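Observations on chain architecture
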Amino acid sequence: MRKLVKKKAGIGVMAILITICFVPAMAGAFAQRGGERGMGLDGKGQHPSTLGIWRNTLMIEKLELTDGQVDQLRDLDFTHREKQQVLKTQLDRLRLQMDKAFTEVNVDKATVRKTAEKMADVKGSMFVEKIDSRLALEEILTDDQVDKLRQYRINKKRKGMQQGQRQMKGRHWAQNEGYSRSSDDSVE
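Residues numbered from 1 in each chain as written. Predicted model: local features only at pLDDT ≥ 70, side-chain atom pairs only at ≥ 80, totals over all residues. Heavy atoms only, no water.

1. Considerations on the packing of helix α3 (residues 67-103) against helix α4 (residues 109-140)
Between α3 and α4, the shortest axis-to-axis distance is 9 Å and the interhelical angle comes to 170°. Classified by the interaxial angle, the pair formed by α3 and α4 is roughly antiparallel. (Axes fitted to C-alpha atoms, helices over the stretch in contact; angles between N-to-C directions. Helix = DSSP H or I, 4+ residues; strand = E, 2+ residues; numbered from the N terminus. Parallel < 35°, antiparallel > 145°, perpendicular 65-115°, else oblique.)

So, in structure tokens, the structure goes:
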């Protein structure tokens, strides 16, 4: 009888842990991220690189880019994305190694630290590559075009912040008025 009770308790604890750990993780996995996302040829969304403005005809017109500038941006964009892809692959491989190291019966702290250092190096390289792409962009554009691009980005951030403030005001109003996010359709 006690074994049966312990087994049921163990199953209950496992169900609670799964609910606490995996349900929020799955919800986050399917949550839509804010901001613009580019579409690759395979239809999967990806964050466009800084150099990706060559794909946006509206930006080409606003910045008054020449055909030569568009060609340079396209070439640099593909080069940058290829480098980032290689680094992402390395990072994924290291994450797998880290996961494997942590699942060993006896965790080898030296291996974990060495893998963590390698991961930090790759992430640092990804950051440096991103900065290099931004610097390359500013070398291709004229000073006037760089100013226009900065102004566009500032206005875009302001617009997003204003939208967020409107959403927060709406929530604040609803809380002050005694409205809740749950439905009041329940029968008492």
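Additional details are given in the paragraphs that follow.
2. Remarks on the nonpolar core
Counting residues in hydrophobic clusters, the biggest one holds 14 residues, and the most contacted among them are Ile53, Leu63, Leu65, Leu73, Leu137, Leu141 and Leu149. The set of elements that each furnish at least two residues to this core consists of α2 (57-63), α3, α4 and α5 (143-176). Element by element, the count of residues in this core is highest for α2, at three residues. Sequence-distant contacts of Leu63, defined by excluding residues within four places in its chain, comprise Ile53, Gln145, Lys148 and Leu149. By size, the runner-up hydrophobic cluster in this structure holds nine residues, among which are Leu87, Leu94, Val122 and Met126. (Core = buried A, V, L, I, M, F, W, Y, C linked by side-chain atoms within 4.5 Å. Buried < 20%, exposed > 50% of the residue type's maximum accessible area, 1.4 Å probe, protein only. Contact = heavy atoms within 4.5 Å.)

3. Observations regarding the confidence of the model for the protein
The predicted model of the protein averages 77 in pLDDT, with 60% of residues at 70 or higher. Every residue in residues 29-45 is under pLDDT 50, and counting partners more than four places away or in other chains gives 16 contacts. Here residues 181-188 scores under 50 on pLDDT; set against residues more than four positions off or in separate chains, the count is zero contacts. (pLDDT = per-residue confidence, 0-100.)

4. Remarks on the pattern of salt bridges
Inspection of every chain in the model, using the stated rule, returns eight salt bridges. Among the ionic pairs, Asp77 bridges to Arg81, the shortest N-O distance being 3.5 Å. Note that Asp77 and Arg81 are positioned in helix α3 at a spacing of four residues, about one turn of the helix. Residue Arg81 is classed as partly exposed on the basis of its relative accessible area, which comes to 27%. A cluster of three or more residues bridged by salt bridges with shared partners is formed by Glu64, Asp144 and Lys148. (Salt bridge = Lys/Arg side-chain N within 4 Å of Asp/Glu carboxyl O.)

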